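So you can see what is in the structure, the chains are spelled out below.
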Amino acid sequence: MREMKEMGFRGMILTYAAETVFDHSTQAQNGQGIAALKSENGDVSVEASVHCPSIEAWREGTVETIYMTEAEDYIAVKLTGAGANVTEAFTAGELPPQQMMDALHEVCTKAKDRKVRILIDAESQHFQKGISRVAVELMRKYNRDGYATIYNTYQAYLKNTPATLANHLALANEDGFTLGLKLVRGAYMATDERSLIHDTKEDTDNAYNMIAQGALTKNIGEFGDKGTRDFPSVNLFLASHNKESVVTAHELHKHRVMSGLPTVPVRFAQLHGMSDEVSFSLLQMNDGDGTPEVYKCSTWGGMGECLAYLLRRAIENRDAVLRTDNEYRALKKEVLRRVKSVLSLSPSS
Ligand SMILES: Cc1cc2nc3c(=O)[nH]c(=O)nc-3n(C[C@H](O)[C@H](O)[C@H](O)COP(=O)(O)OP(=O)(O)OC[C@H]3O[C@@H](n4cnc5c(N)ncnc54)[C@H](O)[C@@H]3O)c2cc1C
């Protein structure tokens, strides 16, 4: 983490990998504590639900993560990592058991004391309604000092994300809290219900860029001076490996700051080990004012806990490899162009 900061990154995002993934095609949950907590007939045992060892393990792992970070770092939390009692509540769109809420308040308080911020990851659609409810509860309580300690994650690939976001902007407005808006495209295409996701990559790209640019210009739907409702306090966090999205967003933010136009604070992040070229291109755009603020996100856990994360990265790397190939071809073209121009200047030619 120290080396990353020495390279110019503003900080790190640390995430404990434990999670549960819901596979829409098989209707099965795969992950944390499912087998351990269920009896032979599939019920969750009463003893386990009163004091759940999976929730306790999640609490310990998450608190440990906070103590690995420094001020201005982030931790990212996957709430389904707390096991079956929690995912059952999320499946019903409800808040998790009190033990989990207590664990979350402990995590938020400890993080806030250390000036560390919390990104609540978006996960399988099946659990997302419950996860979002928790995120709003926590933002309402902890984001009251004019900045976000807690961020909710919005998956631009989902057709219903603009509606969810509008709902949360309204709540931030009415209840006077800062909305922590972490924007991703979405990583669960292989397991989520396809019809809920935009039909084409282009639609997802447009959705991502519209939300990012909408937040940066403080105009999303009916919120902002082009609409009828005030734009609430928002802190934006753009998590993406798409160079066009992040560079355009940074340029827009910079332009608005320099022109004295209204905008919101923005930070950027890429995953550790992926798209370093994008991270470094962003860092190179820093012309001395400390922006863009770029983070790297590192995931830790036992091999079993990290498998779902690694599998998603393997799928994503197919896109990344295509990009690498494009970059390689672009570089080769550039080298050829320069060689040709040198040769054409030589006296013998
Ligand atoms: C710091 C960080 C935190 C993250 N946290 C989360 C999180 O909490 N939850 C989460 O779900 N993801 C998360 N992600 C993963 C992120 O969603 C993926 O890295 C991202 O989807 C890859 O897209 P990209 O923005 O890098 O751009 P690109 O590589 O340009 O886009 C690829 C993405 O486009 C979308 N897509 C591809 N094909 C299609 C198609 N045919 N139709 C519609 N859409 C398509 C998919 O979302 C795919 O992943 C995080 C990523 C980072 C960097």
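As the structure is a computational prediction, the values presented were derived from the model and not from experiment.

J.: Before we move on, could you go through the overall build of the protein and cite the residues and values that matter?
T.: Within the protein, the regular secondary structure consists of 12 helices and 12 strands. Across the 349 residues in the protein, those meeting the buried criterion constitute 40%. Summarising the internal contacts of the protein: among those between residues at least 6 apart in sequence, 76% fall at separations of at least 24.

J.: Let's hear about the packing of helix H4 (residues 53–68) against helix H6 (residues 98–113): which residues, and what values?
T.: Viewed as axis vectors pointing N to C, H4 and H6 meet at an angle of 5°, and their least axial separation amounts to 10 Å. It follows from the interaxial angle that H4 and H6 lie roughly parallel. Contact residues: H4 offers Ile55, Trp58, Arg59, Thr62, Val63 and Ile66, while H6 offers Gln99, Met100, Ala103, Glu106, Val107, Lys110 and Ala111. Residues of the contact of H4 with H6, tallied by class, amount to eight nonpolar, two polar and three charged.

J.: Quick one: what's the story with the sheet that holds strand E6 (residues 150–155), residue by residue and with numbers?
T.: Ordered by their spatial adjacency, eight strands build a closed barrel running E1-E4-E5-E6-E7-E10-E11-E12, and the pairing between neighbours is parallel. Neighbour-to-neighbour, the strand axes of this sheet turn through a mean angle of 30°, independent of strand direction. In this sheet, strand E10 (residues 234–239) lies alongside strand E7 (residues 179–184) in parallel orientation, the contact comprising five bridges. When the sheet's bridge partners are listed, glycine 180 is paired in E10 with asparagine 235. Packed on one face of the sheet, H4 meets strand E1 (11–16) and strand E4 (74–77) and runs near 165° to E1. Sheet strands touched by helix H8 (residues 161–175): E6 and E7. Its angle to E6, the strand with the most contacts, is close to 155°.

J.: Would you mind going over the nonpolar core in detail, with residue names and values included?
T.: Counting 79 residues, the largest nonpolar core has Ile118, Ile120, Ile150, Leu181, Leu183, Ile211 and Leu238 as its most contacted members. Beyond its immediate stretch of four places on either side in the chain, leucine 238 contacts Leu183, Ala212, Val246, Ala249, Val266 and Phe268.

J.: Could you give me a rundown of the site of the ligand, with the residues and numbers involved?
T.: What surrounds the ligand is a group of 27 residues, the closest being Asp121, Arg185, Ala239, Ser240 and His241. Only E6, helix H9 (201–216), strand E11 (266–271) and helix H12 (303–345) provide two or more residues apiece to the shell around the ligand. Element by element, the count of residues in the shell around the ligand is highest for E11, at three residues. Tallied by class, residues from the shell around the ligand come to 12 nonpolar, 10 polar and five charged.

J.: Before we move on, can you summarise the packing of helix H5 (residues 84–91) against helix H7 (residues 125–142) with the specific residues and values?
T.: Between H5 and H7, the shortest axis-to-axis distance is 7 Å and the interhelical angle comes to 90°. Relative to H7, the element H5 lies roughly perpendicular. Note on element contacts: H7 touches H5 through His126, Phe127, Gly130 and Ile131, opposite Thr87, Ala89, Phe90 and Thr91. Partitioned by chemical class, the residues of the contact of H5 with H7 number four nonpolar, four polar and no charged.

J.: So, H6: which residues are in play, and what are the values?
T.: Between its first and last C-alpha atoms H6 spans 22 Å; for 16 residues at 1.5 Å apiece the expected length is 22 Å, and the two agree. Regarding H6, the residues found buried are Met100, Ala103, Leu104, Val107, Cys108 and Ala111. What you see down the axis of H6 is that its buried residues fit within an arc of 135°, all on one side. Exposed and oriented more than 90 degrees from the buried face of H6 are Gln98, Asp102 and Asp113. Contacts made by the buried residues of H6 are with H4, E4, H5, strand E5 (117–120), H7 and E6. Phi for lysine 115, located one or two positions after H6, is positive at around 60°.

J.: Residues and numbers for unusual backbone geometry, please.
T.: Across the junction of threonine 291 and proline 292, the peptide omega takes the value 0°, indicating a cis bond. Non-glycine residue serine 275 carries a positive phi angle of around 50°. Relative to the helices and strands, serine 275 is located in the loop between E11 and helix H11 (276–284).

J.: Quick one: what's the story with the environment of glycine 31, residue by residue and with numbers?
T.: Residue position: glycine 31 is located in strand E3 (residues 28–31). What makes glycine 31 buried here is the crowd of 23 C-beta atoms within 10 Å. C-alpha of glycine 31 to C-alpha of leucine 307: the two residues are 276 residues apart in sequence and 9.4 Å apart in space. Residues contacting glycine 31, with those up to four places away along its chain left out, are Glu19, Thr20, Val21, Thr80 and Ala308.

J.: I'd like a description of the pairing of E3, backed by residues and values.
T.: In terms of strand pairing, strand E2 (residues 20–23) meets E3 through four bridges, oriented antiparallel. Its bridge partner lying in E3, threonine 20 is registered against glycine 31. The loop that links E2 with its antiparallel partner E3 comprises four residues; one of these, glutamine 27, has a positive phi angle of about 60°.

J.: How would you sum up the pairing of E6? Please name residues and give values.
T.: By the criterion of burial, E6 is predominantly enclosed, with six of the six residues buried. Burial of the side chains of E6 extends over both faces: Ile150, Asn152 and Tyr154 are buried on one face and Tyr151, Thr153 and Gln155 on the other. Pairing analysis gives three bridges linking E5 to E6, with the strands arranged parallel. In the sheet register, isoleucine 118 faces E6, and the bridge partner there is isoleucine 150. Handedness of the crossover is the feature at issue here: the chain leaves E5, passes through H7, returns alongside E6, and the resulting connection is right-handed. Following the backbone out of E6, through H8 and into the adjacent parallel E7, one traces a crossover that is right-handed.

Thresholds, definitions, all that
Residues numbered from 1 in each chain as written. Predicted model: local features only at pLDDT ≥ 70, side-chain atom pairs only at ≥ 80, totals over all residues. Helix = DSSP H or I, 4+ residues; strand = E, 2+ residues; numbered from the N terminus. Buried ≥ 20, exposed ≤ 12 C-beta atoms within 10 Å, placed from the backbone. Contact = placed C-beta atoms within 7 Å. Axes fitted to C-alpha atoms, helices over the stretch in contact; angles between N-to-C directions. Parallel < 35°, antiparallel > 145°, perpendicular 65-115°, else oblique. Nonpolar A, V, L, I, M, F, W, Y, C, P; charged D, E, K, R; others polar. Pairing = 2+ DSSP bridges. Core = buried A, V, L, I, M, F, W, Y, C linked by C-beta atoms within 7 Å. Near = placed C-beta within 6 Å. Expected span 1.5 Å × (residues − 1). Arc of directions from axis to C-beta. Right-handed = clockwise from strand over helix to strand, strands pointing away.

Remember, this is a structural readout, not a statement about activity or role.
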